[in-house]
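# Coordinate inspection notes
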Amino acid sequence: MKKSLGARTIIFPTPVLIVATYDPAGRPNAMAAAWGGICCSDPPCVAVSLREATYTYGNLMARKAFTINIPSEEYLREADYLGLVSGRNVEKFPAAGLTPAPGKSVDAPVIEEFPLVLECALLKSVRIGLHTQFIGEIKDVRAETAVLDAGGNPGIGLVKPLIFDPAGRAYYGIGPRLGQAFAAGKSIGAPPAKEGRC
């Protein structure tokens, strides 16, 4: 039997996304965000929701560009720190010991230490309530060669991304591989083409 928990912001898994922007003076800034993910295949887009009170919100509105940086497990402390302080008051990159570098496709910084980054141009913003959802068209995905698998794609087991637990307010790593997507369910029966796929 299921118990009602009320309307709460709980879904699993929730990614740890580090949104990086330049401020009006050209200083790099980054913040941790969890409300986000891929939202369109064509054009390739990612969405992230931010509160207007954040420094990143204003930077993103002004520059119309951002990057989504994926930290690996070894950077848990740094990723968490980026969500604890505001870029209005702190130069986050030197404080966290992280290195900003210019994006190659957009006017936003990338974090050198993090293995995977999506460079995004702001496509649309939607005010929802407390948060505004920013939809960014992915202009390029850049990955460290060390996290690329034999097919040249980022491997989740190589990237080792962080996962946020919004209910328990904790971080987790990924678990073991359980099966092959678009194949595991075939033992039940042949599914209709593209049924339930994004």
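What counts, and at which threshold
Residues numbered from 1 in each chain as written. Predicted model: local features only at pLDDT ≥ 70, side-chain atom pairs only at ≥ 80, totals over all residues. Heavy atoms only, no water. UniProt positions renumbered as here; feature names shortened; annotations may be inferred. Helix = DSSP H or I, 4+ residues; strand = E, 2+ residues; numbered from the N terminus. Rg over C-alpha atoms; globule rule 2.2 N^0.38 Å. Buried < 20%, exposed > 50% of the residue type's maximum accessible area, 1.4 Å probe, protein only. Pairing = 2+ DSSP bridges. Axes fitted to C-alpha atoms, helices over the stretch in contact; angles between N-to-C directions. Contact = heavy atoms within 4.5 Å.

The name given to the protein in an unreviewed UniProt entry is Flavoredoxin, and the organism recorded there is candidate division TA06 bacterium ADurb.Bin417. According to UniProt, the comment filed for the protein under the heading Cofactor (unreviewed entry) is "FMN".

This brings us to the overall build of the protein. Secondary structure summary: the protein contains four helices and twelve strands in total. At 18 Å, the protein has a C-alpha radius of gyration in line with the 16 Å of a compact globule built from 198 residues. In terms of overall dimensions, the protein has C-alpha extents of about 60 × 45 × 30 Å along its principal axes. Among the 198 residues that make up the protein, the fraction classed as buried is 36%.

Looking now at the sheet that holds strand β2 (residues 17–22). The strand order across the open sheet formed by seven strands is β3-β2-β6-β9-β10-β5-β4, and the pairing between neighbours is antiparallel. Across the chains shown, the open sheet's two edge strands, defined by having one partner strand only, are β3 (28–33) and β4 (36–40). On average, adjacent strands in this sheet sit at an angle of 35° to one another, irrespective of strand direction. The pairing of strand β9 (residues 116–127) with strand β10 (residues 131–143) spans eleven bridges and is classified as antiparallel. Pairing of Cys120 across the sheet is with Ile138, part of β10. Helix-sheet contacts for helix α1 (residues 55–63) involve β2, β3, β5 (45–51), β6 (65–70), β9 and β10, and the interaxial angle to β2 is about 55°.

Counted residue by residue, β6 has six buried out of six residues, so it is predominantly covered. Burial along β6 is two-sided: Ala65, Thr67 and Asn69 and Phe66, Ile68 and Ile70, pointing in opposite directions, are all buried. Judged from the three bridges that link them, β2 and β6 form a sheet pairing that is antiparallel. Counterpart to Val19 in the pairing with β6 is Ile68.

A separate point is the sheet that holds strand β1 (residues 14–15). Taking strand neighbours across the sheet as the criterion, the three strands line up as β1-β11-β12 in an open arrangement whose pairing is antiparallel. If you trace the sheet from one side to the other, it starts and ends with β1 and β12 (170–172), each paired once. When β1 meets strand β11 (residues 163–165), the two strands line up antiparallel, connected through two bridges. In the sheet register, Pro15 faces β11, and the bridge partner there is Ile163.

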